[in-house]
Amino acid sequence: MTAAATTDTAHTDEHHDHGDHHILPLWLLIGTWVALMGLTIFTVTASTFELGAFDLPVAMAIATVKATLVMLIFMHLLWDKGFHSMLILSSFLFVFLFISFIWIDRKQYQPTITEKDREAIVIDLGQ
C-alpha cells in the first residue's frame, strides 16, 4: 500500500459522521433509573389502596409518566427533532381517543342487561 492510500484510509476512518450522537452523563442515567424504580414502588403501593373508580386512572397516570421518562431520556427524544416527538405524541392521542370511545360505549349497553339476562349468560358459559 502506498503512503497516500494509507493516509486516505486513516482519514476516512477518523471522521465517521454518525449524526447528532451524544453520550448522556452517568448521573442522568442513574437519576432516571432511580425515578423509574420510585415510580414502580409508587405503583405497587397505590395498588394496595382501594381507590374505587380511580384505580385505573392512577395506574395509567403513573405508567404514562414512566413511559415519558423512558422516551425522553433513553430514546433521546429530549434531544431529537421535534417532528419525532410530535409523531409519538399524536400516536398517544389516538390511543387515548380509541380507549375513550370504548369507555363511553361501555356505559351505553351495560344498563340494558337485566338480572335474568345475566343469569342466562352465566348458564351459557357453564359457570
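Residues numbered from 1 in each chain as written. Predicted model: local features only at pLDDT ≥ 70, side-chain atom pairs only at ≥ 80, totals over all residues. Heavy atoms only, no water.

**Thoughts on the overall build of the protein chain**
Here comes step 1: Scanning the protein chain from terminus to terminus reveals five helices and zero strands.
Here comes step 2: Listing the helices and strands of the protein chain from first to last along the sequence gives α-α-α-α-α.
Here comes step 3: Looking at the protein chain alone, contacts between residues at least 24 apart form 55% of all its contacts between residues at least 6 apart.
Here comes step 4: Carbon and sulfur atoms make up 72% of the accessible area of the protein chain, which amounts to about 10,700 Å² in all. (Helix = DSSP H or I, 4+ residues; strand = E, 2+ residues; numbered from the N terminus. Contact = heavy atoms within 4.5 Å. Areas by Shrake-Rupley, 256 points an atom, 1.4 Å probe, with all protein chains shown as cover.)

**Here's the deal with the environment of Val-65**
Here comes step 1: Within the element layout of this structure, Val-65 appears in helix α3 (residues 55–74).
Here comes step 2: Distance in space between the C-alpha atoms of Val-65 and Leu-36 is 9.0 Å, their sequence separation being 29 residues.

**Considerations on unusual backbone geometry**
Here comes step 1: Although it is not a glycine, His-76 adopts a positive phi angle of roughly 60 degrees.
Here comes step 2: Residue position: His-76 is located in the loop between α3 and α4 (82–109).

**Considerations on the layout of surface pockets**
In this approach, a probe sized like a water molecule rolls over the atoms, and the result shows the empty space that is left.
Here comes step 1: Each pocket or cavity is described by its volume, and for the largest pocket that value is around 620 Å³.
Here comes step 2: In this structure, the largest pocket is lined by 20 residues; those nearest its centre are Met-60, Thr-64, Phe-92, Val-95 and Phe-96.
Here comes step 3: Among the elements that line the lining of the largest pocket, the one with the most residues is α3, at ten residues.
Here comes step 4: Of the residues belonging to the lining of the largest pocket, the class tally is 16 nonpolar, four polar and no charged. (1 Å grid on protein atoms, 1.4 Å probe; cavity = no way out; pocket = protein on both sides within 12 Å on 5 of 7 lines; lining within 4 Å. Points joined across faces, edges and corners; volume = space filled by probe spheres on them. Nonpolar A, V, L, I, M, F, W, Y, C, P; charged D, E, K, R; others polar.)

**Describing the side chain of Thr-32**
Here comes step 1: In this structure, Thr-32 sits in helix α2 (residues 26–47).
Here comes step 2: Looking at Thr-32, the relative accessible area reads 5%, which means it is buried. (Buried < 20%, exposed > 50% of the residue type's maximum accessible area, 1.4 Å probe, protein only.)

**Let's talk about the confidence of the model for the protein chain**
Here comes step 1: Mean pLDDT over the protein chain works out to 77, with 66% of the residues at or above the 70 mark.
Here comes step 2: Between the elements of the protein chain, mean pLDDT differs from a low of 50, seen in helix α1 (residues 3–14), to a high of 94, seen in α2. (pLDDT = per-residue confidence, 0-100.)

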